Amino acid sequence: MLVLSRKVKQSFLLGDGIEITVLEISGDKVKIAIEAPKEVPILRKELAETKQANLDAAAGSFDPAMLPKLKELGAK
């Protein structure tokens with residue numbers, strides 16, 4: 001893991017097309033700006049973890065025997 005120290009209005013680059021700039025530091029919060037190509041997904045870590053947990057839970061509860069019943073419910 002790389003640890004960097006930055007002051008307000010300072011930035012750093014990730015690869016060729018991503019720039020992270022510190023906009024504001026207030027107490028225990030840091031406001032940052034991210035400039036990146038539109039095709040680069042940017043997602044807060046806690047949302048990515050929640051999404052993965054939901055996918056894992058859905059995969060673990062899938063019962064193929066329920067498919068005919070689900071099709072019947074959808075047809076009504």
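Note: the structure precedes this text.
Being a predicted model, the structure only gives us computed values, none of them experimental. (Residues numbered from 1 in each chain as written. Predicted model: local features only at pLDDT ≥ 70, side-chain atom pairs only at ≥ 80, totals over all residues. Heavy atoms only, no water.)

Undergrad: Which residues make up the sheet that holds strand S1 (residues 11–14), and what values go with them?
TA: Pairing in this open sheet of three strands is antiparallel, and the strands run S1-S2-S3 from one edge to the other. This sheet does not close on itself; its edge strands, each paired only once, are S1 and strand S3 (29–35). In this sheet, adjacent strand axes meet at a mean angle of 25 degrees when their direction is disregarded. (Pairing = 2+ DSSP bridges. Helix = DSSP H or I, 4+ residues; strand = E, 2+ residues; numbered from the N terminus. Axes fitted to C-alpha atoms, helices over the stretch in contact; angles between N-to-C directions.)

Undergrad: I'd like to hear about a nonpolar patch on the surface, residue by residue, with values.
TA: Taken together, the side chains of Val8, Ile25, Val30, Ile32, Ile34 and Ile42 present a nonpolar region at the surface, about 510 Å² in accessible area. Among the elements that make up the nonpolar patch, the one with the highest residue count is S3 (three residues). Of note, isoleucine 25 is situated in strand S2 (residues 18–26). (Patch = residues over 30% accessible without salt bridge, like charges linked within 9 Å, V, L, I, M, F, W, Y side chains within 5 Å. Areas by Shrake-Rupley, 256 points an atom, 1.4 Å probe, with all protein chains shown as cover. Salt bridge = Lys/Arg side-chain N within 4 Å of Asp/Glu carboxyl O.)

Undergrad: Provide a residue-level description of the pattern of salt bridges, including the pertinent values.
TA: In the structure shown here, the tally under the stated rule is three salt bridges. For glutamate 24, the salt bridge goes to lysine 31, with nearest N and O atoms at 4.0 Å. Lysine 31 sits in the partly exposed class, given a relative accessible area of 47%. Glutamate 49 is the salt-bridge partner of lysine 45, the closest N and O atoms lying 3.9 Å from each other. With a gap of four residues between them, lysine 45 and glutamate 49 both fall in helix H1 (residues 45–60), about one helical turn apart. (Buried < 20%, exposed > 50% of the residue type's maximum accessible area, 1.4 Å probe, protein only.)

Undergrad: Kindly report on the pairing of S1, identifying the contributing residues and their values.
TA: The side chains of a regular strand alternate between the sheet's two faces. Here four bridges tie S1 to S2, and the two strands are oriented antiparallel to one another. What sits directly across from leucine 14, in S2, is isoleucine 18. The loop that links S1 with its antiparallel partner S2 comprises three residues; one of these, glycine 15, has a positive phi angle of about 65 degrees.

Undergrad: Now, about the environment of alanine 33: what can you tell me, with residues and values included?
TA: Take alanine 33: it is sitting in strand S3. Contacts of alanine 33, omitting those with residues within four sequence positions, involve Glu19, Ile20, Thr21 and Leu23. (Contact = heavy atoms within 4.5 Å.)

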